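Chains, contacts and geometry: an overview
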Amino acid sequence: MPTAPTARRPADPLDLLHLYRRVRADTAGLAAPLSDADATVQSMPDASPAKWHLAHTTWFFETMVAVPNRPRYRLFDDRYGFLFNSYYETVGARQPRPLRGMLTRPTLEEVAAYRRHVDSAVETLLESGPSAEVLDLIELGCHHEQQHQELLLTDILHLFAQNPLRPAYDPSEPAGAARNTPVEAARFHMFDGGIVEIGHGGNGFAFDCEGPRHRTLVDPYALADRLVTNGEWIAFIQDGGYRNPLLWLSEGWATVQAEGWWAPLYWEERDGEYWTMTLRGMQPVDRAAPVVHVSYFEADAFAHWAGARLPGEAEWEHAATAPNRGLRQLSGDAWQWTRSAFAPYPRFAPGPGAVGEYNGKFMCGQFVLRGGSCVTPAGHARPSYRNFFPPSARWQFSGLRLAKDA
């Protein structure tokens, strides 16, 4: 899901070489537990096979970096451009997204060979002292691949949840009894608001939709010091939250009825206890942990039920960058839904060429999430990061933090 970076100093070639090697190795490591069959199947149109993630991120480096900057570069396979392009209209035709699971060939072993072929070309280019523009593209590709590392895990979880065997991606931690550790009630911290600055300021990498940094008016507000827990969500379920149309947006209520939602995605009820599918297989729901796999519609309904609301993204970022406010779980637990539509900041303009295609043209019908989840690569997220999904999306590790008007 690449986008153009904001204007800034180019990355150091040696540092970038280390980053490139680490990111590429991390992706291969995530795919290591998977069989060829695991990596090929597509569980729904919104999810992609792990093999496709491995190849698409490689296609980006081949198409955007190696081909235009290495005159004697040899394509690994000239058919792969069609197979592994994602959304780039300016680059050419592509395999339809809902049919990526039909790609039984190339094999997982052949995709690994493709990755090695492209890695050799990119590393040689980095060692040759490329231009600042090429360095920016390679850095962009690394962060793009980190996005796909997260998607690979969320998509594998969705796939394994459809399997009656409920296989564990990582069986290293055995299932245990549900924790009932008492959780203190959330405390709301007050923020004065006013004219505040949000958005990326240009120091270090950012995707184009994170800027330009700009001023915006925020009314006084309060933000919960922690995320909503599974235990609180169980109270919402047991109070009839999924049966009360007064809590829901119209489209959300229609979705609840059409899809039969009664709990977060992957939850099951067994002998009066709640269980959920995780990357470690089926586990008892940990009532003290943050709730995840809820849609914007569910998050908004819960907030109404709790006598609160979702934060705006400017409120979230202002609070996340304020000193000594005692906010917990800002990143590393769950993406946090905001009530803000994914829209351009003032003076936003997509970058030139193919890499400018992604964010700008999707600024319609999506809502912004902030923070970062338990499967977001370390160091990938930042306070200005704007994740976004349609309001019905549930398969991501998405949760919520409550807000209130002051």
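For the structure given in this document, a descriptive report is provided here.

Moving on, we come to the overall build of the protein chain. When helices and strands are counted, the protein chain shows ten helices and twelve strands. The C-alpha atoms of the protein chain give a radius of gyration of 22 Å, which matches the 22 Å a tight globule of 406 residues would have. Seen through its principal axes, the protein chain has C-alpha atoms that stretch 65 × 55 × 35 Å. Going through the 406 residues of the protein chain one by one, you find that 54% of them count as buried. In the protein chain, the proportion of contacts linking residues at least 24 apart, taken out of those at least 6 apart, comes to 80%. For the protein chain, the accessible area works out to roughly 17800 Å², and carbon and sulfur atoms hold 53% of it. Side chains of the protein chain carry 38 positive and 47 negative charges; the gap between the two charge centres is 2 Å.

Before going further, it helps to spend a moment on the pattern of salt bridges. What the rule picks out here adds up to 22 salt bridges. A cluster of three or more residues bridged by salt bridges with shared partners is formed by Arg24, Arg115, Asp119 and Glu145.

Turning our eyes to something else, we now look at unusual backbone geometry. Between Arg105 and Pro106 the backbone carries a cis peptide bond, its omega angle lying at 5 degrees. Note on placement: Pro106 falls in the loop between helix H4 (80-84) and helix H5 (108-127). Here the residue pair Gly211 and Pro212 is connected by a cis peptide bond, since its omega of 0 degrees sits within 30 degrees of zero. With respect to the helices, strands and loops of the structure, Pro212 is situated in the loop between strand S2 (194-198) and strand S3 (214-218). Phi at Tyr266 takes a positive value of approximately 80 degrees, unusual for a residue other than glycine. In this structure, Tyr266 sits in the loop between helix H8 (250-259) and strand S5 (267-270). By relative accessible area, which is 8% here, Tyr266 ends up buried.

The rules behind the values
Throughout this description, residue numbers start from 1 for each chain and increase along the sequence as written. Reporting of local features is limited, given that this is a predicted model, to residues whose pLDDT is at least 70; pairs of side-chain atoms are given and counted only at 80 or more, and all residues count toward the totals for whole chains, interfaces and linings. Think of the side-chain values as coming from all heavy atoms in the structure, minus any hydrogens and water. Helical segments are the DSSP runs of H or I of at least four residues, strand segments are the runs of E of at least two, and each set is numbered from the N terminus. For this measure, only C-alpha atoms enter the radius of gyration; the expected value for a globule follows 2.2 Å times N^0.38, where N is the number of residues. For each residue, the accessible area found with a 1.4 Å probe, counting protein chains only, is set against the maximum for its type, and the residue is called buried under 20%, exposed over 50%, and partly exposed in between. Any two residues having at least one pair of non-hydrogen atoms within 4.5 Å are treated as being in contact. To be clear on the numbers: accessible area is Shrake-Rupley with a 1.4 Å probe, and residue cover counts the displayed protein chains and nothing else. Charge assignment: positive for Lys and Arg, negative for Asp and Glu; neither His nor the chain ends contribute. Where a charge sits is defined by one atom per residue type, namely NZ (Lys), CZ (Arg), CG (Asp) or CD (Glu). The salt bridge definition used is simple: a Lys or Arg side-chain nitrogen within 4 Å of an Asp or Glu carboxyl oxygen.

Remember that the coordinates give geometry; whether it matters functionally is a separate question.
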